[in-house]
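Chain by chain, the residues:
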Amino acid sequence: MKNASRSVAWAGIAPLATLLLLALAAAAPLWGPGLLNTRGGGDSPFLLMRTHQLVANLQDKVFPARWMPDAAYGLGYPFFSYYAALPYYVASSFHLVGLGMLTSIKLTPTLFAAAAAVTMYGWSRGVLRGRASAWLAAVAYTFVPFHLVNVYVRGDSLSEFAAFAFYPLILWGLDRLAAQPSLKCALMPSLAYAGLIVTHNVSALIFSPFVLLYVAFHLVRAVTAERHQRRAGIASRHLLLILPVALALLLSAWFWLPALAETDEVQLTAQTTGYFTYANHFRGRDLIQPGLVFNYSTDAVSGSPFAMGLLHALLTGAGVLFGLFTFLPSRSGAGRVGERFPGARESGSCARLPLLGLALGAVLLSTWMVTPLSRPLWERLPLLQLVQFPWRFLSVQALFASPLIGFPVSYLASRRRWVGWAAALALGAALLTTALGGLDVDFLPISAADVTTDRLQLYELFTGNIGSTSR
């Protein structure tokens, strides 16, 4: 019995332990001497200014911070009023307890990389009902190129990188709330959704419609189930699914409410004009990089890194095809997954098919938003133009594509567990290799002594990036 108990415990711990190690591998290139050099050093020093100024606020007991007191050549700049800054609070906290500024900045994305892997594994375990398939989904999510691009190419997009940890946590919480409607279960998705809003408001903007779609999906399933069981009066409990959205908005109101109230006092036109016009950033034929090893270069010859990796695209396509073949009825009448794939019924795939179908639709919708085919929607929804870059929807695509990538493995594991794990390990190794194999990192020779108010103001003067914004 003891050996059996240890075996079960190890089976539960090993996937999480390996995922944490893989997340450390994804963040390891950050830990070189100095500060990561991105785009010729233009963007990554923003992290220094933002963290430095947030530390200055916290040392002066100003919370929540809304103002960069030393930015704009010392005149001050309302950066934190409009840029969600939870990851910078994390980095500032590390610095305030004694860690160096550079160490604090590097440790923050490392922790969020681990959090993204763990939350995706947790959500996928519920969707796929299998450890091997959920493990592969988490690996795919950790090493999806756009996730790494936010750190190794864009440099200053710490908040957008951190948002990856909250996406699956929100959906995981909503799944648990749908299974057991209660105020206690509503707390997790509420905090996660509020966390996303104060981590990266643009990511919250593009993800909110998908959250509402997810809530509507669970509500419809709940009402349908009640009707089939001929039970009345119970479906009202499922209205608690709406609570996390409302509660999250209340919990994050300290950030977004002053920003909305003061829009007449600031200039926001630069956010949606010039380089930041959405029409400049659609992806058509360049939606998928042609090379197997992802190329992070930003030069015109190499193409754009703001695209899908070839292996991720192929595995997502395979998952979509496998899903379509599973969902659609066959001519012979064997339209159920349990009839087509013996063993899938035991693995729980039958019960999860509607959820996987929703993931499939979300992948198609988010991909469509990246292409010029969605231009009419971008033209007609003013708030959508604040997203600036259509390729930001690659983050939502990665979220819903990950369980689809793991879906075929759930079938293999239902037939032979070791076959499922063999496939997951092989594909996971391939995803890691193709994602990290193209990284060529460089570092700026910056030390803690260089992070001072005077030097940060000189950086503003030299680059013209006032208050760590692009223009």
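Data block above holds the structure.
Residues numbered from 1 in each chain as written. Predicted model: local features only at pLDDT ≥ 70, side-chain atom pairs only at ≥ 80, totals over all residues. Heavy atoms only, no water.

Peer 1: Would you take a moment to explain the packing of helix α2 (residues 45-59) against helix α21 (residues 453-463) for this structure?
Peer 2: For any two helices packed against each other, the geometry is given by the interaxial angle and the distance between the axes. For the pair α2 and α21, interaxial distance at closest approach is 11 Å and the crossing angle is 135 degrees. Comparing their axes, α21 and α2 come out oblique. Both α2 and α21 take part in a crossing whose hand is left-handed. The residues of α21 that touch α2, namely those facing Pro45, Phe46, Leu48, Met49 and His52, are Thr453, Leu456, Tyr459 and Glu460. Along the lines of polarity and charge, the residues of the contact of α2 with α21 split into six nonpolar, two polar and one charged. (Axes fitted to C-alpha atoms, helices over the stretch in contact; angles between N-to-C directions. Helix = DSSP H or I, 4+ residues; strand = E, 2+ residues; numbered from the N terminus. Parallel < 35°, antiparallel > 145°, perpendicular 65-115°, else oblique. Left-handed = near helix turned anticlockwise from the far one by under 90°. Contact = heavy atoms within 4.5 Å. Nonpolar A, V, L, I, M, F, W, Y, C, P; charged D, E, K, R; others polar.)

Peer 1: Where do I start with the pattern of salt bridges in this structure?
Peer 2: Should their charged atoms come close, side chains of opposite charge can pair. Summed over the entire model, instances satisfying the criterion amount to seven salt bridges. For arginine 392, the salt bridge identified is with glutamate 160, shortest N-O distance 3.2 Å. Remark: glutamate 160 occurs in helix α8 (residues 158-179) and arginine 392 occurs in the loop between α18 (382-385) and α19 (394-415); sequence separation between them is 232 residues. Assessed through its relative accessible area of 3%, glutamate 160 is described here as buried. Notably, a salt bridge pairs arginine 283 with aspartate 286, separated by 3.6 Å at the nearest N-O pair. (Salt bridge = Lys/Arg side-chain N within 4 Å of Asp/Glu carboxyl O. Buried < 20%, exposed > 50% of the residue type's maximum accessible area, 1.4 Å probe, protein only.)

Peer 1: How do you make sense of the side chain of serine 81 when you look at a structure like this?
Peer 2: Relative to the assigned elements, serine 81 resides in helix α3 (residues 79-82). Residue serine 81 is classed as buried on the basis of its relative accessible area, which comes to 5%. A polar contact is formed between the side chain of serine 81 and the side chain of arginine 66, at a distance of 3.2 Å. For serine 81, the contacting residues outside a window of four places in its chain are Arg66, Phe255 and Ala259. (Polar contact = N/O pair within 3.5 Å; in protein donor to acceptor, adjacent residues only side chain to side chain.)

Peer 1: Help me understand the side chain of lysine 106, please; the structure alone is not making it clear to me.
Peer 2: By the secondary structure assignment, lysine 106 is in helix α5 (residues 101-128). Buried charged residue lysine 106 carries no salt bridge. Nearest counter-charge: aspartate 450, at 12 Å. A distance of 2.8 Å separates a polar side-chain atom of lysine 106 from the backbone oxygen of glycine 34. What lysine 106 contacts, discounting residues up to four positions off in sequence, is Leu30, Trp31, Gly32 and Gly34. (Lys, Arg positive; Asp, Glu negative; His and termini not counted.)

Peer 1: Looking at this model, I keep getting lost on the environment of threonine 298. Mind explaining?
Peer 2: Following the sequence through the fold, threonine 298 ends up in the loop between α12 (253-261) and α13 (310-327). Those residues in contact with threonine 298 that lie beyond four places of it in its chain are Val153 and Pro305.

Peer 1: Explanation requested: a nonpolar patch on the surface in the structure shown.
Peer 2: Together, Leu365, Trp368, Leu373, Leu377 and Leu381 make up a nonpolar patch on the protein surface, roughly 440 Å² of accessible area in all. Overall, leucine 365 belongs to the partly exposed group, its relative accessible area being 37%. (Patch = residues over 30% accessible without salt bridge, like charges linked within 9 Å, V, L, I, M, F, W, Y side chains within 5 Å. Areas by Shrake-Rupley, 256 points an atom, 1.4 Å probe, with all protein chains shown as cover.)

Peer 1: Explain helix α11 (residues 243-251) to me, please; I cannot follow it from the model alone.
Peer 2: Two residues of an α-helix separated by three or four positions point the same way, owing to the 3.6 residues in each turn. Within the span of α11, buried status applies to Pro244, Val245 and Ala248. When α11 is viewed along its axis, its buried side chains cluster within an angular range of 100 degrees and face the same direction. (Arc of directions from axis to C-beta.)

Peer 1: Sorry, what's going on with the environment of aspartate 43 here?
Peer 2: Relative to the assigned elements, aspartate 43 resides in the loop between β1 (35-36) and α2. Between the C-alpha atoms of aspartate 43 and valine 153, which are 110 residues apart in sequence, the distance is 9.0 Å. Every residue in contact with aspartate 43, bar those within four places of it in the chain, is listed here: Thr38, Arg154, Asp156 and Tyr459.

Peer 1: It is not clear to me how the nonpolar core should be interpreted in this structure. Could you clarify?
Peer 2: One finds Phe207, Leu399 and Phe400 to be the most contacted residues of the largest nonpolar core, which totals 114 residues. Broken down by element, this core gets its largest block of residues, twelve residues, from α8. In this view, phenylalanine 207 contacts Tyr167, Ile170, Leu171, Leu196, Val396, Leu399 and Phe400; residues no more than four positions away in its chain are not counted. Ranked by size, the runner-up nonpolar core spans 22 residues in total, among them Leu47, Leu48, Met49 and Phe79. (Core = buried A, V, L, I, M, F, W, Y, C linked by side-chain atoms within 4.5 Å.)

Peer 1: Mind showing me how you'd approach the packing of α5 against helix α6 (residues 131-142) here?
Peer 2: Where α5 contacts α6, the two axes come as close as 8 Å, and the packing angle between them is 140 degrees. Compared by their axis directions, α5 and α6 come out oblique. The two elements α5 and α6 cross, and the hand of that crossing is right-handed. On the side of α5, the interface is formed by Ala116, Ala117, Met120, Tyr121, Ser124, Arg125 and Leu128, while α6 contributes Arg131, Ser133, Ala134, Trp135, Ala137, Ala138, Tyr141 and Thr142. For the contact of α5 with α6, the per-class residue count stands at ten nonpolar, three polar and two charged.

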